[in-house]
Amino acid sequence: MLMAHPAVLNDLIDRYQTLRLLNPKAPEVRRRLDDVSYTLCLATGTSDIDAALLAARLHLPGARPHDDSAVPA
């Protein structure tokens, strides 16, 4: 599977986090949050935002690929 460039992933994560800090009930914020969530899912090949954020973070420089802390025991 193709993965988006780390700079793109980092930008999407930043945009998502910024929008989450704003009022997510405001229609424009909600629409933009939905858009960036959808884009993150597409860019990481996942189907929900939590999995997309995890996958994106694991592909950023400095990520510890052998860190299994996100894997249920």
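Residues numbered from 1 in each chain as written. Predicted model: local features only at pLDDT ≥ 70, side-chain atom pairs only at ≥ 80, totals over all residues. Heavy atoms only, no water.

**Structural notes on the nonpolar core**
Stage number 1. Ranked by internal contacts, the top residues of the largest apolar core, which has 16 residues, are Leu 9, Ile 13, Tyr 16, Val 36 and Leu 40.
Stage number 2. Elements that contribute at least two residues to this core include exactly helix H1 (6–21), helix H2 (27–44) and helix H3 (49–58).
Stage number 3. A total of 6 residues in this core trace back to one element, the largest contributor, which is H2.
Stage number 4. Sequence-distant contacts of Val 36, that is, excluding residues within four places in its chain, are made with Leu 12, Arg 15, Tyr 16 and Leu 19. (Core = buried A, V, L, I, M, F, W, Y, C linked by side-chain atoms within 4.5 Å. Buried < 20%, exposed > 50% of the residue type's maximum accessible area, 1.4 Å probe, protein only. Helix = DSSP H or I, 4+ residues; strand = E, 2+ residues; numbered from the N terminus. Contact = heavy atoms within 4.5 Å.)

**A few points about H1**
Stage number 1. Here H1 contains 16 residues, and its C-alpha end-to-end distance of 23 Å stays within 8% of the 22 Å for a straight helix at 1.5 Å per residue.
Stage number 2. Turning to H1, its buried residues are Leu 9, Leu 12, Ile 13, Tyr 16 and Leu 19. Seen from one end, H1 has its buried residues packed into an arc of 135°, which puts them on one side.
Stage number 3. Buried residues along H1 sit against H2 and H3. (Expected span 1.5 Å × (residues − 1). Arc of directions from axis to C-beta.)

**Focus: the packing of H1 against H2**
Relative orientation and spacing of two packed helices are given, respectively, by the angle between their axes and the distance between those axes.
Stage number 1. Running from amino to carboxyl end, H1 crosses H2 at an angle of 150°, the nearest separation of the two axes being 10 Å. The orientation of H1 with respect to H2, classified from their angle, is roughly antiparallel. At the point where H1 passes H2, the crossing takes the left-handed sense. In this structure, H1 uses Leu 9, Leu 12, Ile 13, Arg 15, Tyr 16, Leu 19 and Arg 20 to contact H2, whose residues at the interface are Val 29, Arg 32, Leu 33, Val 36, Ser 37, Thr 39, Leu 40, Ala 43 and Thr 44.
Stage number 2. For the contact of H1 with H2, the per-class residue count stands at 10 nonpolar, 3 polar and 3 charged. (Axes fitted to C-alpha atoms, helices over the stretch in contact; angles between N-to-C directions. Parallel < 35°, antiparallel > 145°, perpendicular 65-115°, else oblique. Left-handed = near helix turned anticlockwise from the far one by under 90°. Nonpolar A, V, L, I, M, F, W, Y, C, P; charged D, E, K, R; others polar.)

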